[in-house]
Each structure stands twice: as structure tokens, then as C-alpha cells.
Amino acid sequence: MSFELAPLPYALDALEPYLDARTMEFHYGKHHQTYLNNLNAALEKHPELFKLSIEKLLSDLNAIPEDIRMAVKNNGGGYFHHNVYWATMSPKGGGEAKGKLADAINKTFGSFAAFKQEIEKAALGRFGSGWAWLSKKADGSLLVHSTPNQDSPVSDGLYPLVGVDIWEHAYYLKYQNRRAEFVQNWWNVVDWAAVEDRFVEGQIK
Ligand code: MN3
């Protein structure tokens, strides 16, 4: 039983004009698919690992056999992070967090605007490829942070709620080098109801 590419929950052009269809076509159809293919190819060498969830695999990399550990870290991270990315965007997204998530954001960062600044600082401060995240710590509190490459929050005991992909493949076709403009536009498609569901129910399992 190998890992699979979940269908996109919307059409490739549904997040226009903020995320363009051509970028989505390559990002989902090629980049995400390749992470998945490489993850499955690595796990074929130790097929007993297919019974674990992707979060579980990434949460304890030392338990992964050494011959595939780096492949699982990189491609498993890439597979998992894009699952989260697509699932936390929507053509009806944007606006601000509500409910329990809004309460937690206000408590941690002071305001939603201050939280946005923290994410943008993390995204723009990451040299090279990676992600900027809002994650939940084991004690349920929130953290904004950045990870390089496809290093996963779950490998540090953090549960990612929402993240912005700051690999150039996520924005270069439309925004070229303008990462800040891309991040500004990404806010318009964040599905805060989906993020709140992850906050309330999400855990590594
Ligand atoms: Mn990507």
C-alpha cells in the first residue's frame, strides 16, 4: 500500500489571480508528484514502513533505516507539506482567522496583523528554499517558524497548521524573484476554517 496523491480540492485555476494555473499545474502535477514517487520508491526497500502515516515517519527520522533516511526526510517532507498546503487554501479563502484559532493567535502574537508580520518575516528571512509555518507545539500553544528545504516541523515535535511554500517553484513563473509580493498574495487564499480544524483536532498520529 503506497502513498498516494490526493486530488486537488479545487481546479488548477481556482486560486487565480493569486496563484496562477500554470504554477499550480507544475507544482501539484510535477513537483508534488515527484516527491511522492521518490518517497514510495524509497519505502519499497522497507515496505513494512508503508503501514505508518507520513506524519509518523517524519516524526522520528532516527527510526528510519539509514539507507533511506535522507530520502524519507526530503521526499516525505515534500509529500506531506504539499498535502497541507493544498488543503489549507481555497478560492473562498482570505480574511482573518476566527474562533478558537483567532483567540490563540491573539494571545500569542497580540493581534492577527502582528501574526502576519511574523509569518512574512519568517518567509522573507529564509535564505534559499523552505517554508514559513504556523505550527502547534505539543502543549497546544502556537509558534511561527521557518524550515529549510523540506525539513518538517513534525521532526521537531511541531504540528504544522498552515505554511507558505517559499521554494522558487511555488512562485517564480508569476512573481519571478518577488517573494514578498507572492506571500502578500497568498494570504488571499488561506482557508482559515481548514487551519482552525487542524488547530483543534490535529495531532501526529
Ligand atoms: Mn513546493
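Everything below is about the structure shown above.
These lines cover the structure that appears in this document, whether it is placed above or below.

So, how was this worked out
Residues numbered from 1 in each chain as written. Predicted model: local features only at pLDDT ≥ 70, side-chain atom pairs only at ≥ 80, totals over all residues. Heavy atoms only, no water. Helix = DSSP H or I, 4+ residues; strand = E, 2+ residues; numbered from the N terminus. Buried < 20%, exposed > 50% of the residue type's maximum accessible area, 1.4 Å probe, protein only. Contact = heavy atoms within 4.5 Å. Areas by Shrake-Rupley, 256 points an atom, 1.4 Å probe, with all protein chains shown as cover. Salt bridge = Lys/Arg side-chain N within 4 Å of Asp/Glu carboxyl O. Phe/Tyr/Trp six-rings, centres within 6.5 Å; stacked < 30°, edge-to-face > 60°. Axes fitted to C-alpha atoms, helices over the stretch in contact; angles between N-to-C directions. Left-handed = near helix turned anticlockwise from the far one by under 90°. Nonpolar A, V, L, I, M, F, W, Y, C, P; charged D, E, K, R; others polar. Donors = N, O, S within 2.8 Å, 3.2 Å for Na, K, Ca; no water. Pairing = 2+ DSSP bridges.

## A short note on the overall build of the chain
Logical step 1: Counting its regular elements, the chain contains eight helices and three strands.
Logical step 2: In terms of principal-axis extent, the alpha carbons of the chain reach across some 45 × 40 × 30 Å.
Logical step 3: Scored against the burial criterion, the 205 residues of the chain give a buried share of 48%.
Logical step 4: In the chain, once contacts between residues fewer than 6 apart in sequence are set aside, the share between residues at least 24 apart is 68%.
Logical step 5: Split by element, the accessible area of the chain, about 9800 Å² in all, is 50% carbon and sulfur.

## What about the pattern of salt bridges?
Logical step 1: Within the structure shown, the criterion is met by four salt bridges.
Logical step 2: The partner of R22 in a salt bridge is E25, and the shortest N-O contact between them spans 3.9 Å. In this pair, R22 and E25 both sit in helix α1 (residues 21-43), three residues apart, roughly one turn of the helix.
Logical step 3: Accessibility expressed as a relative area gives 40% for E25, which makes it partly exposed.

## A few points about the packing of aromatic side chains
Logical step 1: Applying the stated criterion across every chain, the model contains 16 aromatic pairs.
Logical step 2: An angle of 50 degrees between the planes, with centres 6.3 Å apart, marks the rings of F3 and F50 as tilted. You can see F3 sitting in the segment before α1 and its partner F50 sitting in the loop between α1 and α2 (54-59), a full 47 residues away along the chain.
Logical step 3: We classify F50 as buried; its relative accessible area is 13%.
Logical step 4: Between the aromatic rings of W131 and W133, the centroid separation amounts to 5.0 Å while the plane-to-plane angle is 10 degrees, which identifies the pairing as stacked. Considered together, W131 and W133 belong to a single accessibility category, that of buried residues.

## Quick word on the packing of α1 against helix α3 (residues 66-87)
Logical step 1: Look at α1 against α3: their axes get within 8 Å of each other, and the N-to-C directions meet at 145 degrees. In this structure, α1 crosses over α3, and the sense of that crossing is left-handed. Across the interface between the two elements, M24, H27, Y28, H32, T34, Y35, L36, N38, L39, A42 and L43 of α1 pack against I68, A71, V72, N74, N75, G76, G78, Y79, H82, N83, Y85 and W86 of α3.
Logical step 2: Broken down by class, the residue content of the contact of α1 with α3 amounts to 13 nonpolar, ten polar and no charged.

## With respect to the coordination of the manganese ion
Logical step 1: H27 (NE2), H82 (NE2), D165 (OD) and H169 (NE2) make up the full set of protein donors to the manganese ion, lying at 1.9 to 2.1 Å.
Logical step 2: For the manganese ion, all donor residues lie on one chain, and their spacing in sequence is H-x54-H-x82-D-x3-H. Here H82 is found in helix α3, whereas its partner D165 is found in strand β3 (residues 159-165), with 83 residues between them in sequence. For the pair formed by H82 and D165, the shared burial category is buried.

## What about the environment of S152?
Logical step 1: When you line up the elements, S152 lands in the loop between β2 (142-148) and β3.
Logical step 2: Sequence separation of S152 and A170 is 18 residues, and the distance between their C-alpha atoms is 17 Å.
Logical step 3: If we ignore the near neighbours within four places in the chain, the residues touching S152 are L58, F80 and H81.

## Side note on the sheet that holds β3
Logical step 1: One open sheet holds the three strands; their spatial order is β2-β1-β3, and the pairing between them is antiparallel. Looking at which strands have only one partner, the edges of the open sheet turn out to be β2 and β3. Mean inter-strand twist for the sheet, computed between neighbouring axes without regard to direction, equals 25 degrees.
Logical step 2: In the sheet, strand β1 (residues 130-136) pairs with β2 via seven bridges, with the strands oriented antiparallel. Among the inter-strand pairings, W131 is bridged to a residue of β2, identified as T147.
Logical step 3: Helix α4 (residues 99-109) rests against β1, β2 and β3 of the sheet, and its axis sits at about 80 degrees to β2.
Logical step 4: The sheet strands contacting helix α8 (residues 192-201) are β1, β2 and β3, and the helix crosses β3 at an angle near 150 degrees.

## Considerations on unusual backbone geometry
Logical step 1: Cis peptide bonds are those with omega within 30 degrees of zero, and the linkage from E16 to P17 qualifies with 0 degrees.
Logical step 2: The backbone phi angle of N149 is positive, close to 55 degrees, even though this residue is not glycine.

## Quick notes on the environment of G93
Logical step 1: You can see G93 is positioned in the loop between α3 and α4.
Logical step 2: Taking C-alpha positions, G93 is 20 Å from Y175, a pair spaced 82 residues apart along the chain.
Logical step 3: Among all residues touching G93, those that are not within four sequence positions of it are N188, V189, V190 and D191.

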